[in-house]
Every structure is written in C-alpha cells, then in structure tokens.
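Structural description and commentary
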Amino acid sequence: MFLDIFLSDKMLALPAFRIGHFLAKRGLPAFASIRTAHGHEIAKQEDMSVPKYIDRQDTPLPDVPYQQELNSEQRALKVKERGSWKDLTNEEKLAIYRIMFHQSYGEMKKPTNEWKTVIGGLLYFVGFTGLIVWWQRVYVYPKMPHTLTEDWKAMQARRMLDMRMNPIEGFASKWDYEKNEWKK
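Read on for an overview of the structure. (Residues numbered from 1 in each chain as written. Predicted model: local features only at pLDDT ≥ 70, side-chain atom pairs only at ≥ 80, totals over all residues. Heavy atoms only, no water.)

1. What about the pattern of salt bridges?
Should their charged atoms come close, side chains of opposite charge can pair. Scanning the model with the defined rule gives six salt bridges in all. Notably, a salt bridge pairs glutamate 81 with lysine 78, separated by 3.3 Å at the nearest N-O pair. With glutamate 81 and lysine 78 both in helix 3 (residues 72–81) and three residues apart, this pair spans about one turn of that helix. The exposure class assigned to lysine 78 is partly exposed, which follows from its relative accessible area of 23%. (Salt bridge = Lys/Arg side-chain N within 4 Å of Asp/Glu carboxyl O. Helix = DSSP H or I, 4+ residues; strand = E, 2+ residues; numbered from the N terminus. Buried < 20%, exposed > 50% of the residue type's maximum accessible area, 1.4 Å probe, protein only.)

Here's what the structure looks like:
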C-alpha cells in the first residue's frame, strides 16, 4: 500500500519533471517552438555575425555599402566608376557616394532638435514635482504650530531672560538686566 502511494506521487511529478528536463536540455528554442506551435508569434533575433551598415563619425568606413541591391542605373554607375573620374559629372559622383554612404560627415554632425525634447521633458518633471510639493504643503502637512509664530518666539525669549537661563555664557549673558536691553 505504501509503495502504491509512493509510486502514484512519483507518477504525478513525472510529467512536470519531463517538461523541465526538456526545456533545460533544449533551452529557449524548445520553449519558442512550443509557443509557435500554439499560435504565438516569435520575433526573430538578428544575426550579429553578419556585417551591418552603420553611419557613425568614429567609423569612417562601414563594413558594407549602404545600398546592397542595386538597380540597373546604379549598376551602370558602378561600371562607369571603374573608369576615369574626370568623365563623371558631380551628380554621378554624388550618386556613387550615396550608394556607399547614407550620410556625409556634415549631415552626421548637423545639430538636431533633440535638446528641445530633453529640456521640455526636464521642465515637465520639475513642474510635476513642484505640483506634488505644493499639494503636500496644502493637503498633507499639518498647519504650522503656534510655537513658530513671531509672538510666541518673543514670549519664549522673554521667559528665558526672566528665568536667567545660562547666565554665564548663554542667552541671559547677552542681556543687560539693568537697562532692559541687549548688551552692545
């Protein structure tokens, strides 16, 4: 009887173990195939071992040309490029340049308006923070205690002087009790 209970518990745990072992052995592609089989779409991962075109100022010559599939006009330009460049017009030279590169250095260095977005976002969050601080002062924090009013502070100072608090080096030592004013 004990053996039957033990085996039934093992049998219930066996499918979960098999799925876990399957995923651990085959990794993420196995999980992706399970998801694909159930109608979920999987985004393809780019192959980073293949050279890519990137416009960067610190990389003057990209690994591949900007346009890899050429039309008939561009193929004719590439053939003409092998000859003398003195025979080429400025428009043809520019077209050949645009086959190889998307942007020139001047176009890459051209300032963008991104700073406006950054400053706008910064000011938005500063303004939102200001609204939160204002809301907390009005609705969250309690009223200012009466002990911080100027009248109360004056009465407290007078009380300390009347009690002669710290008469040697402290508060009362700076008060002239005969003239009833602060010492000069």
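Past the structure itself, the notes keep going.
2. Quick notes on the packing of aromatic side chains
Under the definition given, this model contains eight aromatic pairs. Between tyrosine 124 and phenylalanine 128 the ring centres are 6.5 Å apart and the planes differ by 10°, which places this aromatic pair in the stacked class. Of this pair, tyrosine 124 and phenylalanine 128 both sit in helix 6 (residues 114–140), four residues apart, roughly one helical turn. Ring centres of phenylalanine 171 and tryptophan 182 lie 5.4 Å apart, and the angle between their planes is 80°; this geometry places the pair in the edge-to-face category. (Phe/Tyr/Trp six-rings, centres within 6.5 Å; stacked < 30°, edge-to-face > 60°.)

3. Focus: a nonpolar patch on the surface
A contiguous nonpolar surface patch, about 1300 Å² in accessible area, is contributed by Tyr124, Phe125, Phe128, Leu131, Ile132, Trp134, Trp135, Val138, Tyr139, Val140 and Tyr141. Within the element layout of this structure, tryptophan 134 appears in helix 6. (Patch = residues over 30% accessible without salt bridge, like charges linked within 9 Å, V, L, I, M, F, W, Y side chains within 5 Å. Areas by Shrake-Rupley, 256 points an atom, 1.4 Å probe, with all protein chains shown as cover.)

4. Side note on the packing of helix 3 against helix 4 (residues 90–100)
At a minimum axis distance of 10 Å, the contact between helix 3 and helix 4 shows a crossing angle of 110°. With respect to their mutual orientation, helix 3 and helix 4 come out roughly perpendicular. Between helix 3 and helix 4, the contacting residues are Gln74, Leu77, Lys78, Lys80 and Glu81 on the first element and Glu92, Ala95, Ile96, Ile99 and Met100 on the second. Looking at the contact of helix 3 with helix 4, its residues break down into five nonpolar, one polar and four charged. (Axes fitted to C-alpha atoms, helices over the stretch in contact; angles between N-to-C directions. Parallel < 35°, antiparallel > 145°, perpendicular 65-115°, else oblique. Contact = heavy atoms within 4.5 Å. Nonpolar A, V, L, I, M, F, W, Y, C, P; charged D, E, K, R; others polar.)

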